[in-house]
There are 2 protein chains.
Amino acid sequence: MKPGRRGAAVTTAAPSSSRALVHPPRADIRLEGVLHALSDPMRLRVVRQLARDEAGLGGLSCSQIDLPVTKSTSTHHFRVLRESGVIQQIYRGTAKLNGLRRDDLNALFPGLLDSVLTAATAQAERTGPARGH
Amino acid sequence: MKPGRRGAAVTTAAPSSSRALVHPPRADIRLEGVLHALSDPMRLRVVRQLARDEAGLGGLSCSQIDLPVTKSTSTHHFRVLRESGVIQQIYRGTAKLNGLRRDDLNALFPGLLDSVLTAATAQAERTGPARGH
DNA sequence: GTCAAACTACGATGACTCTCGTACTATGGA
DNA sequence: TCCATAGTACGAGAGTCATCGTAGTTTGAC
């Protein structure tokens, strides 16, 4: 039996390498799903790191993002983020590059992502001003 | 979550009737908790109805809010909303009046509540009116 | 071809959630 | 006093979630 990719949602374009990842099309992204995805501390952490990196390059690989969990748990969180429509993932060699779906999120839920990011930063400063940066 | 005095949260003032409800003080409200509370369709529905009513009076009683679940499930959702800091509840006779904690939320997470409400309305309009295919 | 790196799949486990029904308490009136 | 109204408490069932460990796949380099 094949790994059987469920769904068959539009995969925006030809991946730069080979394997394809299923992303929900913009119209299928649900507010409840996005809020749920963002309500987990680990996933919020991923999103913040992606946002911080955003200006520079095209994305961060999973292993570049520092999470205090095992790799398989990490995979789980990245999948939740992708399937809820928060992030985009493309294979690049053996790595997988992650980026926020800013355009889609802003089109559907104007201001939401930014207010969550701002709130997360504010809360982090409030809670632990004496910590990593 | 034992009902037992967790934290001794400040109950903003003398209740107009008698029984006291425990609310988290502003500083204890966590972004993850708020996002989680808002990620449930029923609770989002409650919050939207409270927002719609907001201009007028002081609050809606639980039974005025239309939810397609039993009373005990309803109680559960109101508690999650209260304990996460999203709503405020006060007893008024046999009823319990509910209102959004707008000031606290805006102070902690500027713009978040409004962008969620806007997003929820937009999504409802997108999904609701046509229901085409 | 072989090997390491990066990530996935699968199965398990313990915790939490949403839902309900039934029984209970508190309040305000007839 | 008795009763209806509004909501709570408790317990159960079904489901989902976060986490892990182990085993597997894909890719690129040697």
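Refer to the structure printed above.
Residues numbered from 1 in each chain as written. Chains lettered and ligands numbered in written order. Predicted model: local features only at pLDDT ≥ 70, side-chain atom pairs only at ≥ 80, totals over all residues. Heavy atoms only, no water.

Student: Please clarify how the interface of chain A and chain B should be interpreted in this entry.
Tutor: Accessible area lost during the coming together of the parts is what is often quoted as the interface size. Counting from both sides, the interface comprises 23 residues of chain A and, opposite them, 23 residues of chain B. When chain A packs against chain B, the two sides together hide about 1900 Å² of surface, and 64% of this comes from carbon and sulfur. Counting the contacts that link chain A with chain B gives zero salt bridges. Counting every contact that joins chain A to chain B gives nine residue pairs in polar contact (both at pLDDT 80 or more). Contributions of two or more residues to the side of chain A that touches chain B are made by helix H1 (31-38), helix H2 (41-53) and helix H5 (112-127) of chain A. Top element by residues in the side of chain A that touches chain B is H5 of chain A. It accounts for nine residues. (Contact = heavy atoms within 4.5 Å. Buried area = accessible area lost by both parts, 1.4 Å probe. Salt bridge = Lys/Arg side-chain N within 4 Å of Asp/Glu carboxyl O. Polar contact = N/O pair within 3.5 Å; in protein donor to acceptor, adjacent residues only side chain to side chain. Helix = DSSP H or I, 4+ residues; strand = E, 2+ residues; numbered from the N terminus.)

Student: What is the right way to read the pattern of salt bridges from this model?
Tutor: Oppositely charged side chains can form a pair if their charged atoms are brought close together. Residues and elements named next belong to chain A. The final tally for this structure, using the stated rule, is twelve salt bridges over all chains. We note a salt bridge from Asp 114 to Arg 102, for which the minimum N-O separation is 3.1 Å. Note that Asp 114 is positioned in helix H5 and Arg 102 in helix H4 (residues 102-108), a separation of twelve residues in sequence. Salt bridges sharing common partners tie together Arg 26, Arg 101 and Asp 104.

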